[in-house]
Amino acid sequence: MTADDSFGRLDDDDYPAYTMGRAAEMIGATQGFLRAIGEARLITPLCSEGGHRRYSRYQLRIAARARELVDHGTPIEAACRIVILEDQLEEAQRINAEHRRADEAANPTAAA
């Protein structure tokens, strides 16, 4: 991937643009915290060719939510599980809304 390709992907929420140090700084956590939530399998950072962890904006949002829960006294394992469940719920709600819109489009008189 060239530098031009990488620059074009910076708007991609899933592009692993951030080093561990920068990611930790952005969410106000330590690198150890990022390693811990990786070990808990909340997020799985991409490893660069040099073996360094790289994080996406989506992963940083997930990590920031876990940090928020931990800061309020939730054990890290529980915080990770809560964040996973919140993410699954959000995805299920998005899918349900899509199905609802498709049903309404297919049966416009049934929605009334």
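Before any of the text, the structure's been laid out above.
We now turn to the structure provided with this report. These numbers come from a predicted model, not from an experiment.

1. Topic: the overall build of the chain
- Within the chain one finds 5 helices and 3 strands.
- Sequence-ordered secondary structure for the chain, helices as α and strands as β, is α-β-α-α-β-β-α-α.
- When the 112 residues of the chain are sorted by exposure, 23% land in the buried category.
- The contacts in the chain between residues at least 6 apart in sequence include a share of 56% that link residues at least 24 apart.

2. A look at the sheet that holds strand S3 (residues 53–55)
- Read across the sheet, 3 strands follow the order S1-S3-S2 without closing on themselves; strand pairing throughout is antiparallel. What marks the edges here is a single partner per strand, and that holds for strand S1 (18–19) and strand S2 (46–47).
- Inspection of the sheet shows S2 paired to S3 by 2 bridges, in the antiparallel sense. Among the inter-strand pairings, Cys-47 is bridged to a residue of S3, identified as Arg-53.
- Most of the contacts of helix H4 (residues 57–71) go to S3, to which it runs at about 90°, and overall it touches S1 and S3.

3. What about the side chain of Gln-59?
- If you trace the backbone, Gln-59 turns up in helix H4.
- Within polar-contact distance, the side chain of Gln-59 engages the backbone oxygen of Thr-44 at 2.8 Å.
- If near-sequence neighbours (up to four positions away) are discounted, Gln-59 is found in contact with Ile-43, Thr-44, Pro-45 and Arg-54.

4. Considerations on the nonpolar core
- Ranked by internal contacts, the top residues of the largest apolar core, which has 19 residues, are Ile-27, Leu-34, Ile-37, Leu-42, Ile-43 and Tyr-55.
- When residues in this core are grouped by element, the largest group, 5 residues, is from H4.
- Once residues lying within four places of it in the same chain are set aside, the contact partners of Ile-27 are Phe-33, Leu-34, Leu-60, Ala-63, Ala-64 and Arg-67.

5. Thoughts on unusual backbone geometry
- Positive phi is not limited to glycine here, since Arg-41 has a value of about 65°.
- Within the element layout of this structure, Arg-41 appears in the loop between helix H3 (31–39) and S2.
- Under the relative-accessibility criterion, Arg-41 is labelled exposed at 70%.

Rules behind the numbers
- Residues numbered from 1 in each chain as written.
- Predicted model: local features only at pLDDT ≥ 70, side-chain atom pairs only at ≥ 80, totals over all residues.
- Heavy atoms only, no water.
- Helix = DSSP H or I, 4+ residues; strand = E, 2+ residues; numbered from the N terminus.
- Buried < 20%, exposed > 50% of the residue type's maximum accessible area, 1.4 Å probe, protein only.
- Contact = heavy atoms within 4.5 Å.
- Pairing = 2+ DSSP bridges.
- Axes fitted to C-alpha atoms, helices over the stretch in contact; angles between N-to-C directions.
- Polar contact = N/O pair within 3.5 Å; in protein donor to acceptor, adjacent residues only side chain to side chain.
- Core = buried A, V, L, I, M, F, W, Y, C linked by side-chain atoms within 4.5 Å.

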